[in-house]
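Residue-level listing of the chains:
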Amino acid sequence: MSCSSPSSITRVAAVTATTTGARWITALLLAGVMLITVGLRLPGFALPLERDEGAYAYVAWAWLQGELPYRDAFDHKPPLIYLLYMPAVLVGTPAAWMIRLWGTLLMLVSVGFVFLIGRQIWSRSTALLAALLFGIIGSAFDIQGLILNTDQALVLPALLALWAAMRLRATQQPRYALATGAALAAAALIKPVAILLGPAALLALRGDGRSVARTSGSILLGGALVGLPFAIYFALQGAWADLWFGVVTYNTIYATESRMRWDLGALVDMLAPLMPLLLVAIGGAALASRSGSDSNAMAMTHGRLLIAWTAALLLAALGSLRPYIHYYYPLLPLLCLLAAPCVSWLWRQRAQVGGIRGIAGALAPLLLLLLLTGPFIRQNLRLIGATAEEQAERLYGDVGKHYFAQAPLVADFVRARTTPDDRIYIFAAEPEVYVLAERRAASRYIYDYPLALLPEARQALMRELAARPPALVITYYGVRPDGFWETLRAQNF
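These numbers were taken from a predicted model, which means no experiment stands behind them. (Residues numbered from 1 in each chain as written. Predicted model: local features only at pLDDT ≥ 70, side-chain atom pairs only at ≥ 80, totals over all residues. Heavy atoms only, no water.)

### Here's the deal with the overall build of the protein chain
- Broken down by element type, the protein chain carries 22 helices and three strands.
- Looking at the 493 residues of the protein chain, the share that counts as buried comes to 51%.
- Restricting the contact set of the protein chain to residue pairs at least 6 apart, pairs at least 24 apart contribute 74%.
- When the accessible surface of the protein chain is split by element, carbon and sulfur atoms take 66% of a total near 22300 Å². (Helix = DSSP H or I, 4+ residues; strand = E, 2+ residues; numbered from the N terminus. Buried < 20%, exposed > 50% of the residue type's maximum accessible area, 1.4 Å probe, protein only. Contact = heavy atoms within 4.5 Å. Areas by Shrake-Rupley, 256 points an atom, 1.4 Å probe, with all protein chains shown as cover.)

Okay, here's the thing in structure tokens:
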């Protein structure tokens, strides 16, 4: 029989108290990071919906009304993005601020996962710094940090998959393999290019051939648990062909057209605001590949997983072949995770020198932090007092001013002249009007892009409008799309 001495019990109690205190301090600091994130985003809650958001919101809203994506409301994104939008359109009259609020809640969860991932590689302070960087840069107005497009929605499942892959590498527990597969499938069901994360997840495997096969099977099972219900659901609804055409066939046509628009110069110009972050992240990649918070082998492996995730999402963005900033948004949390250790490393060096050099050593990391975050903080502070129209014009130019900012007014016009049971048709590319007006479309083609890409789409539109004449037809002011007058005459609108 043995007993502990009073001094050893005291030491254990002191260590426990210190650990508990550190956890509370960490939790408070992380809460502070989240408050900063919310504070930066609040001035942009008035930003009107843009076209992609309008499409996702309308399909989600129509799905709740009993219609089916692809078959009754055509879009070309995988189905999970519409489910993700449902909470924002579930209660009350849909509005842009609801989607901004919902996007902010998703952002806060993502900030938490950035911290958790950072703790797998770096110290607690560096992980908090990475979370702060992402909270600020990921909320930046001019790089569409307030928009809830598929790229922004992709961030959370991609981070969850990375965290689960790190835990899988460390423990080889089946639950983390299942979580990795489920998160990867969820990411792909938001944006198909996320399948490039699959090969990166192979770095989480270790052990003999049997262990690798068993773990791989668990990852596939996790993916199936998320993906198969969607396939079964659409098959049972008799809409599997519609799902396949929207997500696979149409996107293939879209990608072919994208190749003709590839412009390296435009891509470089678009990425210019992110260059400081990219350059600092390269230094962080060097640190992550050779040492972690404790310079141990597991931290190094986790660092390589982080680099692999970054490379996969960079390839996915480049594969889009279009210079749109939101395609590169999923890289931001990973770049912040790679940039944070560089700032921390500079901060630690200050203690090794004194005098003027010590002051310079203390200023260097602070100036670097200001360089990384200052321009993005300024972007959002400039939103204070700006109207919805001014915000839309700043982000999207004339398109934002004349189209996106006017959508709520057009929706009011529609509600005043139609009943909730009436169907309308927008002969344009502004599906946000449907959801803001809470009126269903008279055709499955809720925007006009497919009419240009699909030869058979215009004939299908004519048939649908003849079978279900809309109570109101809307197009852009002063614009008459090809076939507009012919449609009006043919259908006697």
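Having seen it, we continue.
### Focus on the environment of N380
- In this fold, N380 is placed in helix α15 (residues 355–381).
- Through-space distance from the C-alpha of N380 to that of S139 is 8.1 Å; in sequence the pair is 241 residues apart.
- Excluding its chain neighbours within four sequence positions, the residues that come into contact with N380 are L40, R41, P43, S139, A140 and F141.

### A word on the pattern of salt bridges
- Enumeration over the complete set of coordinates arrives at eight salt bridges.
- Across the pair R51 and E430 runs a salt bridge whose closest N-O atoms are separated by 2.6 Å. Of this pair, R51 sits in helix α2 (residues 51–64) while E430 sits in the loop between β1 (423–426) and α19 (432–437), and the two are 379 residues apart along the sequence.
- A salt bridge links E67 to R423; the shortest N-O distance between them is 2.8 Å. Taken as a pair, E67 in the loop between α2 and α3 (80–89) and R423 in strand β1 lie far apart in primary sequence, 356 residues in all.
- Given a relative accessible area of 8%, E67 falls into the buried group. (Salt bridge = Lys/Arg side-chain N within 4 Å of Asp/Glu carboxyl O.)

### Some words on helix α16 (residues 388–396)
- All buried positions along α16 are accounted for by Q391, A392, L395 and Y396. Down the axis of α16, the buried set is contained in an arc of 100°. They therefore lie on one face.
- Buried residues along α16 sit in contact with α17 (398–404).
- Two residues or fewer after α16 comes G397, characterised by a positive phi angle close to 70°. (Arc of directions from axis to C-beta.)

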